[in-house]
Every structure is written in structure tokens, then in C-alpha cells.
Amino acid sequence: MAKGLYVHIPFCQTRCHYCNFVTTADHSPVLQKRFFDALSTEIKYARSRFGKLVFDTLYLGGGTPSSLSIPEISRLVAEVRSAFDFRRDFEFTIEFNPGDGEETKLKEFHALGVNRVSLGCQAFQDELLKRLGRRHTVEDIIKTINAVRRAKIENISFDLMLRLPGQTREDFNQSLQRCVELGASQVSLYDLEVHEKTPFGKLQQAGKLGLPGEDEHARMYEDAIKILSDAGYEHYEISNFAKPGMASRHNLIYWHNEEYLGLGPAAFSYLEGVRFQFAPGLESYLEKCEAKDWKNNIEDRLSEEEKETETFVMGLRLKEGIPKEKCPEVFKRLQGRIKTLCDEGQMKFTGNTLWLTERGKFLAEEVFGFLLEKEMAK
Ligand code: SF4
């Protein structure tokens, strides 16, 4: 069983118009220091609570970890490496915003062990990037990719967004083509989610957001499958495509329902059969760490039935699907609904293994909702 370590860095230079993540644009030295001191305290507590865990992956996400200074990242890496063990070939990913990629910094990151960059490209049209409130341009994306490669980090995963205001199918196809041309090792797709309290949420309430329609959205997803498969990418998870052998090992830990420790504000963990979140926001995180108040904000001990259900749902996201013998009770319990979804063409069996069809993948949220909501209502 693989194990992953996630660290949430809650700082961004500015806030994008759709962002609902736990992050702040306040970069005052006082807040930065408070955060890193709090994180040190949490790392020490996690070590004393769980022992010297051995991790297969380390993932710095956020927020914008790439905006941190070399001393800040060096301190963080030194602290997690002294508290925990990492396998010799561990995958070390850092989320990067295009434009943050000065070569000196990247070389230092590489020296610290970073071997994978997850690059928040989002789109390859300056107009769309501006509309999203992103700080970068297409030129910044290219410059950062070149700098990452010069720093000898070869594994670069690209994030792309779809269903953006004013985005056409042609725009999206062009972005996919650029990912292929620029040699992405993985392409991760994100549908825009509109949250009420964001600038996009307000525009939507005023009827001014102008999102592509459902049909256009479905065509974009089909185009992604075609363009990326033709270019040699495996569609290994609903929204993720990777060159052979380049799938994200860290994310596979989530989809295989294996264990992970999440540090930092809003991070979730799953260890010893318990899913938990220590603190929901930055302020509560700082206060709790400073007071050494280690009571979790959310804590659920999963029953055997719940664990099996999670393994089933997560496994269905993957290309290989889920074999009956992995969660026999769930297959028994849901057999009527599974049959309905197979009859509707959203799922299929190959032997004893159940998997989502392309239509099922596009409608995954509805498929999972149908399987689980109905069950809760039983
Ligand atoms: S870079 Fe990411 S985390 Fe930061 S504000 Fe933009 S969407 Fe949010």
C-alpha cells in the first residue's frame, strides 16, 4: 500500500475570479512566519501522533507553492524529511503557476528533490486567462516550461480548464494541441465550478457569466479524449490523461483509496481508517497550532461498509475499473442500480470488472449521485 504526504500552502499573489480554495493574497512577512511556524508545530505533532511514517509521494499544493522563497521551501522540506521517511524513488510534485519559474529557483527546487511540476496553464488564450483573473500569459507558460526543463525536471503535468466563460470548442482544442506540442507528461482537465461568493458567482447571479452550453461542454470532453488518445496519452482517470508510465502517483493513492497525511489549512487526511481535517481555514489553523489544540475539525472513522463503498467509487474513476472481488458487498447491495446504469450505457462489465463508458465518465457526478443518494435513502 502506497502512502502520500500532502502539504497545503495557502498563499497566492492575487485571487483568481473563480477561486474558492483556502488561500490568501496577504503576503506580509508576519503572516508568512506565523504560517511556517504553525506548520512546523503541526509536523512535529503528526510525527509524535503517527510515528515515522514512510511516504511514497510528497505533494506541495495550494495556493501557489511556487511563489515561496527558496529558504521557505528548504525549511519545509528539511522538516518533513526529518520527521518522516521517504522511499528512495519518491515522487515529489510542486504546483507551479506560470511566471513563477525563474531558473535559479527551479534548480534549487530540483536540488531539494522536486521531480515533478504540476503547471496551472488553464488555457492557451491570453483573453481567457485575463477573464479568469490569472496573472500569467501564454508566453509565461512557455517560458516556465523551458525553465523547468533546463532545471532537469522532465515530468511536467499541465492543468487545463473547460467550460469557461466565452470559451469556444476551437479555443479548447487549440489548448489541447499546445499541451501535446509542448510535451506534457500528463494533462488534467478541470470543469469550471462557480461558487456563490466569488466574482464569477456574482456575475452568474446577474446572468452575465456566459458559460458554454451543455452540448458544447460535452463536445469539448469528447475532443479531449480524441486528441489526447491520438497523441499517445492514456485516459487513465475520468479527467486525467498521461503518457505511459507518467500517471500521477500521488493522485493514484487517492483513487486507490490508500492512506495519506494532509498538513496545512483545510487539508484532509486518511490514516488508520479515519478520515479527518484538522482545521477548515487559515485563521483557525494558525490559532489551533499556536494553542496546540489538536482536536480535529472533522473526524470520521469509516466502517468496513463505508471503506468498501469508497474503494468502489474511487476505483470506478480509473480506466481499469473495479473488480467485483475488491468490494463484493457493494456489488451485491447496488446490483439493481448497476444494472440500470449498464442498460443506459453508462457502465459496462468486462468479465467481473465494472467500468465507466465514455458517456458514464462525462456524467460521472450524476452516476455516483444515482448510486449513492438512492442508497442513503434506503
Ligand atoms: S492560483 Fe489557484 S489557488 Fe491561487 S487564487 Fe488562483 S485559482 Fe486560487
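Residues numbered from 1 in each chain as written. Predicted model: local features only at pLDDT ≥ 70, side-chain atom pairs only at ≥ 80, totals over all residues.

Observations concerning the domain arrangement of the protein chain
Thought 1: When its domains are assigned, the protein chain resolves into domain 1 (3-255) and domain 2 (312-376).
Thought 2: With centres defined by C-alpha atoms, the gap from domain 1 to domain 2 works out at 29 Å.
Thought 3: With ten residues of domain 1 at the contact, the number on the domain 2 side is eight residues.
Thought 4: Counting residues per element, the ones that place at least two in the side of domain 1 that touches domain 2 are helix H8 (214-230), strand S7 (234-237) and helix H9 (249-255).
Thought 5: The element best represented in the side of domain 1 that touches domain 2 is S7, accounting for four residues.
Thought 6: Partitioning the side of domain 1 that touches domain 2 into residue classes produces seven nonpolar, one polar and two charged. (Domains from an automatic or database assignment. Contact = placed C-beta atoms within 7 Å. Helix = DSSP H or I, 4+ residues; strand = E, 2+ residues; numbered from the N terminus. Nonpolar A, V, L, I, M, F, W, Y, C, P; charged D, E, K, R; others polar.)

Examining the environment of Cys-289
Thought 1: Of note, Cys-289 is situated in helix H10 (residues 282-291).
Thought 2: Cys-289 gets classed as buried once you count the C-beta atoms within 10 Å, which come to 23.
Thought 3: With 255 residues separating them in the primary sequence, Cys-289 and Arg-34 have C-alpha atoms 9.8 Å apart.
Thought 4: Once residues within four sequence positions are removed from consideration, Cys-289 is found in contact with Ala-38, Thr-41 and Glu-42. (Buried ≥ 20, exposed ≤ 12 C-beta atoms within 10 Å, placed from the backbone.)

Concerning helix H1 (residues 29-50)
Thought 1: Counted at 1.5 Å a residue, the expected span for H1 with its 22 residues is 32 Å, and the 31 Å between its end C-alpha atoms agrees.
Thought 2: Within H1, the full set of buried residues consists of Phe-35, Ala-38, Leu-39, Glu-42, Ile-43 and Ala-46. The buried residues of H1 occupy an angular sector of 145° when the element is viewed end-on, so they sit on one face. Across from the buried face of H1, at angles greater than 90 degrees, the exposed residues are Pro-29, Val-30, Lys-33 and Ser-48.
Thought 3: Its buried side turned inward, H1 meets helix H2 (70-83), strand S9 (259-263) and H10.
Thought 4: Looking one or two residues past H1, Gly-51 carries a phi angle of roughly 80°, positive in sign. (Expected span 1.5 Å × (residues − 1). Arc of directions from axis to C-beta.)

Overview of the site of the ligand
Thought 1: Cys-12, Arg-15, Cys-16, Cys-19, Phe-21, Thr-23, Gly-62, Gly-63, Thr-64 and Asn-97 make up every residue found near the ligand.
Thought 2: Residue classes in the shell around the ligand are distributed as four nonpolar, five polar and one charged. (Near = placed C-beta within 6 Å.)

Observations concerning the pairing of strand S1 (residues 3-9)
Thought 1: Burial runs high along S1: six of the seven residues are buried.
Thought 2: In this sheet, S9 lies alongside S1 in parallel orientation, the contact comprising five bridges. Residue pairing across strands places Lys-3 opposite Glu-259, the latter belonging to S9.
Thought 3: Pairing geometry for S1 and strand S2 (residues 54-62), over six bridges, is parallel. In the sheet register, His-8 faces S2, and the bridge partner there is Gly-61.
Thought 4: With respect to chirality, the unit in which S1 leads through H1 into the neighbouring parallel S2 is right-handed. (Pairing = 2+ DSSP bridges. Right-handed = clockwise from strand over helix to strand, strands pointing away.)

Considerations on the environment of Phe-55
Thought 1: Within the element layout of this structure, Phe-55 appears in strand S2.
Thought 2: Judged by the 25 C-beta atoms lying within 10 Å of it, Phe-55 is buried.
Thought 3: Put simply, Phe-55 and Phe-90 are 35 residues apart on the chain and 7.4 Å apart in space, counted from C-alpha to C-alpha.
Thought 4: Contacts of Phe-55, omitting those with residues within four sequence positions, involve Lys-3, Gly-4, Leu-5, Phe-84, Phe-86 and Phe-90.

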